[in-house]
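Notes for the structure review
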Amino acid sequence: MAKKNVGNSCGVSVIMALYNAEKYVAESLNSLLAQTFKDFEVIVVDDCSTDNSVAIVEEFAPKFEGRLKLFKSKKNSGFPGSPRNTALKFARGKYLTFLDSDDFFTPTALEEIYKIAEETGAEVVHSGFHYRFNDGENDSKIYSWPHEIPVDAPKPEPEDLGERINRLVNFKTLWWACSKFFRRDFIEKNKIDFPNATTWEDFAFFFCSFMRAKNYVRVPNAFYNYRVRQGSLSHKGRDAVEITRNLLETFRVMDKCMLSEEYFAKNPQARWVFLDWYAQNRLRNICNGLYKVSNLKPFQIDRVFRKVFTGEIYPPLVSYFFTLMTQLKYQTLPADAERK
């Protein structure tokens, strides 16, 4: 990896992970050219696209007059976290934000959020609202995360980490990395990056920033346009071993984050409330993956878990999984099922 760029700084670094988005990336880049705020750079990291995505970005580069940088991964990682981590090494902006290559910003997005960040001194600016539309349709609608706490003006999140955990497990906080602004020195100081997982890596990045930011500001602004399309990386099916590894990796990253905070040492129950909630929700997803995607029998699932979960973590998580499986009325193991 090349050394980090230490040249002149700018207001905002917009980070884009690129992979086979030839139908959409021009719209994303045009939304950046249309920004009323001009003090920004765009860092695009291509994850070995096999279509014309890179050529399109290269055609756009001159329009940004040196503010667009394109990097190319040597090997496909299969998830946006890896190219985003590469981009973080080269970012020069005071603030960081993420734009998926099939989504786009409103014209005043950077101006609005930059101004709020400067006025409030926020380490993270959080928008739980965004525009949402189906691929091929032009009718976008304002959308908020279920039970997202409404605000009509910028409002700091309570510093009490217990209250933040409570809001998270009650679905009152949207966990996307997109639709947020992060102060770069805060991210670098706390060594926050995306874990090596092909799903839920977004959640881990968000969670660590949510737990460590002293000044986390929630805003009513909706500036992100999110395209719902089947076949995108976020809707890609995963095999049983992969999704189980993702659970374990993100679980470890977030637990390590909590263990580094004095609050959780004094209030271990808050740590367990979050881990229990996260495990339940992700294991439910794994149930769907193992039965509907991989079509495995329960004794086969046991083999999968033994490959991934080792040591003391294996018995409680496996017990937890099969309890959930029963609750969800999934297929049960016949008494005479073959076990090899």
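The structure presented is a predicted model; accordingly, all values stated were derived computationally and were not measured. Positions within a chain are numbered from 1, following the residues in the order the chain's sequence is written. Local features in this predicted model are restricted to residues of pLDDT 70 or higher, and side-chain atom pairs are both shown and tallied only at a pLDDT of 80 or more, whereas totals for entire chains, interfaces and linings draw on every residue. For the side-chain quantities, the full set of heavy atoms in the structure was used; hydrogens and water were omitted.

1. A few points about the overall build of the chain
Selection criterion: The way it works is that DSSP assigns letters per residue, a run of H or I at least four long becomes a helix, a run of E at least two long becomes a strand, and they are numbered from the N terminus. Three labels apply to residues, based on accessible area from a 1.4 Å probe with only protein chains included: buried if under 20% of the type maximum, exposed if over 50%, partly exposed otherwise in between. It only takes one pair of heavy atoms within 4.5 Å for two residues to be counted as in contact. For every accessible area listed, the method is Shrake-Rupley and the probe measures 1.4 Å; residues are considered covered only by the protein chains on display.
Secondary structure summary: the chain contains 12 helices and 12 strands in total. Within the chain, buried positions represent 53% of all 340 residues. Counting only contacts in the chain whose residues sit at least 6 apart along the sequence, the fraction spanning at least 24 positions is 82%. Element-wise, carbon and sulfur atoms account for 50% of the exposed surface of the chain, whose accessible area totals about 16,200 Å².

2. Quick notes on the pairing of strand β8 (residues 141-144)
Note the threshold: Paired strands are those between which DSSP finds at least two bridges.
Taken together, the four bridges between strand β7 (residues 129-134) and β8 define a ladder with antiparallel strand orientation. Across the sheet, the residue bridging to His-130 is Tyr-143, located in β8. Between β7 and β8, which pair antiparallel and follow one another directly, the connecting turn spans six residues, one of which, Gly-136, has a positive phi of 90 degrees.

3. Details of helix α5 (residues 161-169)
Let me state the cut-off plainly: Pairs of N or O atoms within 3.5 Å make up the polar contacts considered here, provided that, within protein, one atom can donate a hydrogen while the other can accept it, and that residues adjacent in sequence are counted only when both atoms are side-chain atoms.
The element α5 is extensively covered by neighbouring structure, given that seven of its nine residues are classed as buried. Looking at α5, one finds that the buried residues are Leu-161, Gly-162, Arg-164, Ile-165, Arg-167, Leu-168 and Val-169. Two or three places before Gly-162, at the opening of α5, Asp-160 has a side-chain oxygen 3.1 Å from that residue's backbone nitrogen. Phe-171 sits one or two residues past α5 and shows a positive phi near 60 degrees.

4. Focus: the packing of aromatic side chains
Here is the rule: Ring pairs shown here join Phe, Tyr and Trp side chains whose ring centres sit within 6.5 Å, with only the six-membered ring taken for Trp; geometry is labelled stacked below 30 degrees between planes, edge-to-face above 60, and tilted in between. Two thresholds decide whether a charge sits over a ring: the Lys NZ or Arg CZ must be within 6 Å of the ring centre and within 35 degrees of the ring normal.
Considering all chains together, one arrives at 29 aromatic pairs under this definition. A ring pair is formed by Phe-182 and Phe-205, whose centres lie 5.2 Å apart and whose planes are at 85 degrees; its orientation type is edge-to-face. Taken together, the residues span a long stretch of sequence, with Phe-182 in strand β10 (residues 180-183) and Phe-205 in helix α7 (residues 201-212) at a distance of 23 residues. With 4.9 Å between their ring centres and 70 degrees between their planes, Phe-210 and Tyr-216 make a pair best called edge-to-face. For Phe-210, a relative accessible area of 0% puts it in the buried group. A relative accessible area of 0% places Tyr-216 in the buried class. Every member of this aromatic cluster is reached through a ring pair, and the members are Trp-145, Phe-171, Trp-175, Phe-203, Phe-206, Phe-207, Phe-210, Tyr-216, Phe-251, Phe-274, Trp-277 and Tyr-278. The ring of Phe-60 carries the charged tip of Lys-63 above its face, separated from the ring centre by 4.5 Å.

5. Here we look at the pairing of strand β2 (residues 40-46)
Most of β2 sits out of view: seven of its seven residues are buried. Residues Phe-40, Val-42, Val-44 and Asp-46 point to one face of β2 and Glu-41, Ile-43 and Val-45 to the other, with burial holding for every one of them. Pairing of strand β1 (residues 10-18) with β2, which is carried by seven bridges, proceeds in the parallel orientation. Note on β2: the bridge partner recorded for Ile-15 is Ile-43. Where β2 lies against strand β3 (residues 68-72), five bridges are found, and the strand directions are parallel.

6. With respect to the pattern of salt bridges
How we decide: Note on definitions: salt bridges are taken to be side-chain nitrogens of Lys or Arg within 4 Å of carboxyl oxygens of Asp or Glu.
Tallied over the full model, the rule gives 17 salt bridges. Among the ionic pairs, Glu-41 bridges to Lys-69, the shortest N-O distance being 3.5 Å. Placement of the pair is Glu-41 in strand β2 and Lys-69 in strand β3, with a sequence separation of 28 residues. Taking relative accessible area as the criterion, Glu-41 reaches 1% and is therefore assigned buried.

7. Considerations on the packing of helix α1 (residues 25-33) against helix α2 (residues 53-60)
Put simply, the rule is: Under this scheme, a helix contributes an axis fitted over its contacting stretch, all axes are lines through C-alpha atoms, and angles between N-to-C directions fall in the 0 to 180 degree range. Here roughly perpendicular refers to angles of 65 to 115 degrees, roughly parallel to angles under 35, roughly antiparallel to angles over 145, and oblique to all remaining angles. Should the near helix be turned anticlockwise from the far one by less than a right angle, the crossing is left-handed, and should it be turned clockwise, the crossing is right-handed.
Interhelical geometry of α1 versus α2 gives an angle of 25 degrees and a closest axis separation of 10 Å. Regarding the angle of α1 to α2, the classification is roughly parallel. With respect to the hand of their crossing, α1 and α2 are arranged in right-handed fashion. Residues Val-25, Ala-26, Leu-29, Asn-30 and Leu-33 of α1 form the contact with α2, whose own contacting residues are Ser-53, Ile-56, Val-57 and Phe-60.

8. Looking at the packing of α5 against α7
Formally: When residue character is reported, Ala, Val, Leu, Ile, Met, Phe, Trp, Tyr, Cys and Pro are called nonpolar, Asp, Glu, Lys and Arg charged, and the others, Gly included, polar.
One can describe the packing of α5 onto α7 by two numbers: an axis separation of 10 Å at closest approach and a directional angle of 150 degrees. With respect to α7, the axis of α5 lies roughly antiparallel. When α5 is examined against α7, the residues Leu-161, Arg-164, Ile-165 and Leu-168 are found in contact with a partner set consisting of Phe-203, Phe-206, Phe-207, Phe-210 and Met-211. Taken together, the residues of the contact of α5 with α7 break down into eight nonpolar, no polar and one charged.

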